[in-house]
Amino acid sequence: MNKTLPTPHEIYGIDKWGKDLIVAMDNGEIGLKNPLNPSAAPISLPGILRDLDDRGVHVPMLLRVSSYLENEISHINECFAEAIQRVAYKGNYRGVFPIKVNQQAQVIERIVEFGKRYSYGLEAGSKPELVIALAHRLGREALIVCNGIKDEEFISLATLSRKIGFNTVIVLESPKEADTVIKVVKELGVEPMLGVRVKLTNQISGKWEKSSGDRSAFGMNTDQLIAVIDKLRDAGLLHCLKLQHSHLGSQVPDVNDVRRAVSEACRFYTELTREGVPLTHLDLGGGLGVDYTGEKSATESSINYTMREYCTNVVETVQYAMDAAGIDHPDIVTESGRAVVATSSMLIFNVLEATLYDAPTAPKAEAEDHHLISDLLAITEYISAERLQECWNDANFYRNELRALFHRGYIDLRQMARAERIYLHLMSRIKQHAAFDNISVSDEQLNTLSDIYHCNFSLFQSLPDVWAIDQLHPMVPLQMLNQHPDRRAVLSDITCDSDGKVDRFILADGISHSLPVHTLPENEPYYMGVFFVGAYQETLGDLHNLFGDTNVATIDLRADGGFDLLHEQEGDTISEVLSYVEFDPQDCVAAFRRMVDEAISSGALKSKDRKLLMGAYRDSINGYTYYE
Ligand SMILES: Cc1ncc(COP(=O)(O)O)c(C=O)c1O
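It should be emphasised that the depicted structure is a prediction, and the values quoted were computed from it without experimental measurement.

J.: Explain unusual backbone geometry residue by residue, including any values.
T.: Of note, the bond from V59 into P60 is cis; its omega dihedral lies within 30 degrees of zero at 0°. Mapped onto the elements, P60 comes out in the loop between α3 (45–54) and β4 (61–65). Although it is not a glycine, E582 sits at a positive phi angle of roughly 70°. By secondary structure assignment, the location of E582 is in the loop between α20 (574–580) and α21 (585–601).

J.: Please give an account of the sheet that holds strand β3 (residues 43–44) that cites residues and values.
T.: Each strand in a sheet pairs with another by means of backbone hydrogen bonds, the pair being arranged parallel or else antiparallel. In space, the three strands of this open sheet follow the order β1-β2-β3, with antiparallel pairing throughout. Two strands bound the open sheet, and with one partner strand each, they are β1 (22–24) and β3. Bridge count between β1 and strand β2 (residues 30–32): three bridges; the pairing is antiparallel. Residue A24 lies in a different strand from β2, and its bridge partner there is I30.

J.: Give me the packing of aromatic side chains: which residues, what numbers.
T.: As enumerated under the stated definition, the model contains 12 aromatic pairs in all. Geometrically, the ring pair formed by F349 and F457 is stacked, given 4.2 Å between the ring centres and 10° between the ring planes. Of this pair, F349 sits in strand β13 (residues 345–355) while F457 sits in the loop between β14 (451–455) and α17 (459–462); the two residues are 108 residues apart in sequence, bridging distant segments of the chain. Overall, the relative accessible area of 0% leaves F349 in the buried class. An angle of 15° between the planes, with centres 4.3 Å apart, marks the rings of F592 and Y617 as stacked.

J.: A description of the pairing of strand β21 (residues 527–531) should follow, citing residues and the corresponding values.
T.: Where a strand is regular, its side chains alternate between the two sheet faces. Judged by how many residues are buried, β21 sits mostly within the fold: five of five residues are covered. Both faces of β21 are covered, namely the face carrying Y527, G529 and F531 and the face carrying M528 and V530. For strand β15 (residues 475–477) and β21, the ladder comprises three bridges, and the chain directions are antiparallel. Along β21, the bridge assignment pairs M475 with V530.

J.: Describe the site of the ligand, and please don't skip the residues or the numbers.
T.: The environment of the ligand is formed by 15 residues, the closest being S250, E335, G337, R338 and Y536. Between S250 and the ligand, the recorded distance is 2.7 Å, taken from a side-chain N or O atom to an oxygen atom. Contacts to the ligand include E335, whose side-chain N or O atom sits 2.6 Å from a nitrogen atom. In isolation the ligand offers 400 Å² of accessible surface; the protein chains occlude 90% of this area. Considering only residue class, the shell around the ligand consists of two nonpolar, nine polar and four charged.

J.: Give a description of helix α7 (residues 152–160) that names residues and reports values.
T.: Within α7, burial applies to F154, I155, A158 and T159. Along the axis of α7, the buried positions cluster into a sector of 125°, meaning they face one direction only. Taken together, the buried residues of α7 touch β6 (121–124), α6 (127–133), β7 (143–146), β8 (167–172) and α8 (175–188).

J.: Go over the domain arrangement of the protein chain, please, and point to the residues and values.
T.: Entries for the protein chain in the domain assignment read domain 1 (1–65 + 343–357 + 450–571), domain 2 (96–335), domain 3 (371–439) and domain 4 (575–622). Tallying the contact residues gives four residues for domain 1 and four residues for domain 3. Of the roughly 310 Å² buried between domain 1 and domain 3 on both sides combined, carbon and sulfur atoms contribute 50%. At the boundary of domain 1 with domain 3, the tally comes to one salt bridge. Residue D451 is joined to K431 by a salt bridge in which the shortest nitrogen-to-oxygen separation is 3.8 Å.

J.: Outline the sheet that holds strand β10 (residues 241–245), listing residues and values.
T.: Spatial strand order, β5-β6-β7-β8-β9-β10-β11-β12: eight strands in an open sheet with parallel pairing. At either margin of the open sheet sits one strand with a lone partner, and together these are β5 (96–98) and β12 (331–333). Averaged over all pairs of adjacent strands, the angle between their axes in this sheet comes to 25°, without regard to strand direction. Pairing between β5 and β6: three bridges, direction parallel. Bridge pairing in β6 links V96 to G121.

J.: Provide a residue-level description of the nonpolar core, including the pertinent values.
T.: Counting 149 residues, the largest nonpolar core has I22, M346, L491 and F531 as the members making the most contacts within it. A total of nine residues in this core trace back to one element, the largest contributor, which is helix α10 (residues 255–274). Each of domain 1 (1–65 + 343–357 + 450–571) and domain 2 (96–335) accounts for three or more of the residues forming this core. L376, L377, I411 and A419 belong to the second-largest nonpolar core, a separate cluster that totals 22 residues.

J.: Could you give an account of the pairing of β14, naming the residues involved and the relevant values?
T.: The alternating pattern of β14 places D451, Y453 and C455 on a buried face, while none of I452 and H454, on the opposite face, is buried. Where β13 and β14 come together, four bridges link them in antiparallel fashion. In the strand pairing of β14, E353 is matched with H454. Bridge count between β14 and strand β16 (residues 487–492): four bridges; the pairing is parallel. Pairing of Y453 across the sheet is with L491, part of β16.

J.: Now, about the side chain of S302: what can you tell me, with residues and values included?
T.: In this structure, S302 sits in the loop between β11 (281–283) and α11 (307–325). Here D291 takes part through its side chain, which lies 2.7 Å from a polar atom of the side chain of S302. Residues within four places of S302 in sequence aside, it is in contact with Q251, P253, V290, D291, T293, E295, K296 and S297.

Rules and cut-offs
- Residues numbered from 1 in each chain as written.
- Predicted model: local features only at pLDDT ≥ 70, side-chain atom pairs only at ≥ 80, totals over all residues.
- Heavy atoms only, no water.
- Helix = DSSP H or I, 4+ residues; strand = E, 2+ residues; numbered from the N terminus.
- Pairing = 2+ DSSP bridges.
- Phe/Tyr/Trp six-rings, centres within 6.5 Å; stacked < 30°, edge-to-face > 60°.
- Buried < 20%, exposed > 50% of the residue type's maximum accessible area, 1.4 Å probe, protein only.
- Near = heavy atom within 4 Å.
- Polar contact = N/O pair within 3.5 Å; in protein donor to acceptor, adjacent residues only side chain to side chain.
- Areas by Shrake-Rupley, 256 points an atom, 1.4 Å probe, with all protein chains shown as cover.
- Nonpolar A, V, L, I, M, F, W, Y, C, P; charged D, E, K, R; others polar.
- Arc of directions from axis to C-beta.
- Contact = heavy atoms within 4.5 Å.
- Domains from an automatic or database assignment.
- Buried area = accessible area lost by both parts, 1.4 Å probe.
- Salt bridge = Lys/Arg side-chain N within 4 Å of Asp/Glu carboxyl O.
- Axes fitted to C-alpha atoms, helices over the stretch in contact; angles between N-to-C directions.
- Core = buried A, V, L, I, M, F, W, Y, C linked by side-chain atoms within 4.5 Å.

In structure tokens:
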């Protein structure tokens, strides 16, 4: 690797956010390390893509790495086990995975498989999620925690599942829900396992601030809590109330917020115990964050703690509070979703083409040039490192004046095209000086010059949080990292929506509005990877412009440097997405056929062209929604 050029780490900060899983290899390709076999060499990600392509699995693609999921499940369970052992805590850790964070069968099945040895359970926030949970054989001690607003059907199924050995906990969200539960379980004659959701008053900082504190949507205040306890006592069901759920939030950036909130949850737990509630489990919900940017700080897309530190803080805080109150240590439950599943998936797509915001050459002067065009062209003669800002100012001034003249009809389209080309040439000269003479041109200025790389994906389908809540994910080119990235670009998706664009990127020295990229190679694909997209992105996405699910491949990294393709899920076909929006694909074929036949009858189309037209229509309807 050329030592004089900045390394991929210095540009993209891969070593900061890559978690020793995503690395830059000497050959300039992104490599995947196997955390279950850390001494093994990384496996080239473009190599995996080439191999999958040969097998007929093409980009755009969501690549799930099973070893990463297994690693995170072991990590959270082992971090809690270590903390419990270190401080001689007397309860257990009984984590549950919140199905809403990634409901895909391939993910849930692996979570259940890898989690069995830890009695790892599932959290269901709706009837469909409970149906998923009950279709899996969990460990004997594992919990199914049912959150969210529940109707009689939901409560019946959760209660009846106790009969076949599931530890299904119905978490009461309100006094009204307590009434429904009392009614249903009396009718069924089955003892339920109950929980109560307690609203913490502690407001937690970060992007999901509003999911905590007084105004959060779920959980009961003290008054409602007392009402529920009295109702259960009166109904003879208080002995079934075993779990207190106090959801901390999501992506909590500051570990001291975790401590404060856990302390408050413990106050409720000790008071409920004093009220005579036989609690055995304290559920602290979600909140364990992911360091998307690698900054290791309490900022929106980062966290100032490790998983080990989080687990230690939780265990120590609970132990301290329970010992002070003279109460048995409860089993600790967390519903960590993001931290368990985010790292295991990456979105891969190819760049289709580029709109460049510069031009290698300027047109020559012409006699009939407007004098402002001559002024613009003259800048090419005095542009230099020392006068860069002045040239920038002049170029923008003349270009804007010329645009105004064009709008008023004083110069024609050809003259305007010459002016734009000269301007773009000046911009390329400015960019060259900025890159190679180390002249400081502000990030803001560079951003107005960044290219648009048109990429084969839909932001709305595959990265909904990037669109909706400005979530940051690490993104890098997957190849050529041993060459200087000679351009800067924003990434535009394939939907025809101006919102379908990524223009905030994690770089080594902070967040930038453009990404360093390479001039697109002539005859080879240029792949981009978006990392840590395993949480929330897969089912929140929508069908904007009717781009459907991408292909999905689940792989396992082998110790010998290869990989196994565990599962392939083909992306949606056009016919499938049409049916999601209530079109019957057969009706569409029939309607098109009628128009073709009418055209033949009227003589506008030759009979032999019928096959061609119908073939094209059918091929499309059966094809992938993305660029092939
Ligand atoms: C009740 C509940 N549990 C668990 C989670 C998962 O949170 P996270 O993904 O931050 O771990 C959420 C998400 O907000 C939630 O609402």
